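What follows is the residue order along each chain.
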Amino acid sequence: MRLKNKTALITGGNSGIGLATAKLFVAEGAKVVITGRNKETLDAAAKELGHNALALVADATDIAATDAAIKKGAETFGKFDIVFANAGIAGGTPLGSTTLEAFAKVISTNLTGVFFTVQSALPHLNDNASIILNGSVISVLGIPGYSAYGAAKAGVRSMARTMASELSPRGIRVNVVAPGAVRTPIWGAAVATPEAEKAFEQRIALTTPLGRMGETHHISKTVLFLASDDAAHIQGQEIFVDGGAVASPSGAPIYRG
Ligand code: NDP
């Protein structure tokens with residue numbers, strides 16, 4: 001048990017990567033507070049996770065709601081040792097047809113929400129805690145149609161380094177896990193039918209050196225590592241968990257003879 005006697009906050013813990021991480025953390029002995037907007041899926045996740053989990057409705061773009069959820073979580077399970085700021089939305093913003101509202105929604109959820117999650121959590125964090133922010137390969141790859149999402153994730157990457165410098169005096173570590181394409185509901189229509197999912201998966205596999213799409217366990221296990229004492233001296237880093245898509249794209253099946 002790598003997280004015995006640890007308490008964790010996971011935003012967006014009712015789906016995809018966040019839920020997989022919550023399950024792994026509970027299995028590793030942690031008490032876990034998960035948040036999201038959807039009460040139904042939060043309740044279902046809480047049932048699945050059992051008595052060591054607390055599910056709270058809190059929109060990450062609502063600072064007062066985030067504050068209240070974190071306070072309630074800390075009152076229930078004690079101060080936090082781990083924060084996984086994971087809540088995020090996809091949201092395309094192609095040049096030529098994007099409204100200010102659409103652009104702002106992506107930024108407020110994926111960037112501003114991450115900052116205020118950390119700020120709200122700070123008074124309820126133990127010294128030497130581990131904060132993990134969920135980034136993306138898009139922070140360094142130009143992917144058409146995703147200016148706001150890419151900018152937000154690049155902001156997360158940068159913010160982690162600033163936060164690491166601010167929080168080092170308390171021994172608090174801040175790192176980023178940066179996934180490549182992972183099979184979760186965030187892909188919406190691209191994975192809505194078995195045929196669509198297969199076509200999407202083939203496209204990702206062709207452009208990924210390791211020749212496959214990522215699974216939630218690839219990310220949750222990296223988050224567990226960063227959260228645990230095994231990563232005690234890792235500060236301000238970003239770990240790409242992407243099958244080599246960022247570091248060695250030329251090794252992808254599409255380039256093989
Ligand atoms: P999901 O759609 O499965 O999960 C997203 C989670 O975020 C849900 O739990 C959702 O809950 C929550 N969420 C979204 N908006 C808000 C909000 N305003 N307030 C609180 N919770 C919110 O997708 P993933 O698991 O894939 O995404 C998790 C993170 O991983 C995101 O930050 C995403 O950008 C990142 N990522 C994902 C990749 C992938 O390929 N899947 C690749 C790179 C990064 P609810 O709907 O209840 O609010």
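Definitions and limits used
Residues numbered from 1 in each chain as written. Predicted model: local features only at pLDDT ≥ 70, side-chain atom pairs only at ≥ 80, totals over all residues. Heavy atoms only, no water. Pairing = 2+ DSSP bridges. Helix = DSSP H or I, 4+ residues; strand = E, 2+ residues; numbered from the N terminus. Axes fitted to C-alpha atoms, helices over the stretch in contact; angles between N-to-C directions. Salt bridge = Lys/Arg side-chain N within 4 Å of Asp/Glu carboxyl O. Buried < 20%, exposed > 50% of the residue type's maximum accessible area, 1.4 Å probe, protein only.

Caption draft 1: Local environment of the sheet that holds strand E7 (residues 238-241). Spatial ordering of the open sheet is given by E3-E2-E1-E4-E5-E6-E7, a layout of seven strands whose pairing is parallel. In the strand order of this sheet, the two ends are held by strand E3 (53-57) and E7, each with one partner. With direction set aside, neighbouring strand axes in the sheet form an average angle of 20°. Here three bridges tie strand E1 (residues 7-11) to strand E4 (residues 80-85), and the two strands are oriented parallel to one another. Its bridge partner being in E4, Ile10 is matched across the sheet by Phe84.

Caption draft 2: Representation of the pattern of salt bridges in the model. In total, this model carries ten salt bridges according to the counting rule given. Between Lys6 and Asp229 there is a salt bridge, and its shortest N-O distance comes to 3.9 Å. Note that Lys6 is positioned in the segment before E1 and Asp229 in the loop between helix H7 (216-227) and E7, a separation of 223 residues in sequence. With relative accessibility at 56%, the residue Asp229 sits in the exposed group. When the shortest N-O distance is used, the salt bridge between Asp43 and Lys39 registers 2.9 Å. Of this pair, Asp43 and Lys39 both sit in helix H2 (residues 39-49), four residues apart, which is roughly one turn of the helix. The class of Asp43 is partly exposed, set by a relative accessible area of 39%. Each of Arg183, Glu197, Glu201 and Glu215 takes part in a single network of salt bridges with overlapping partners.

Just geometry here; none of it tells us what the structure is for.
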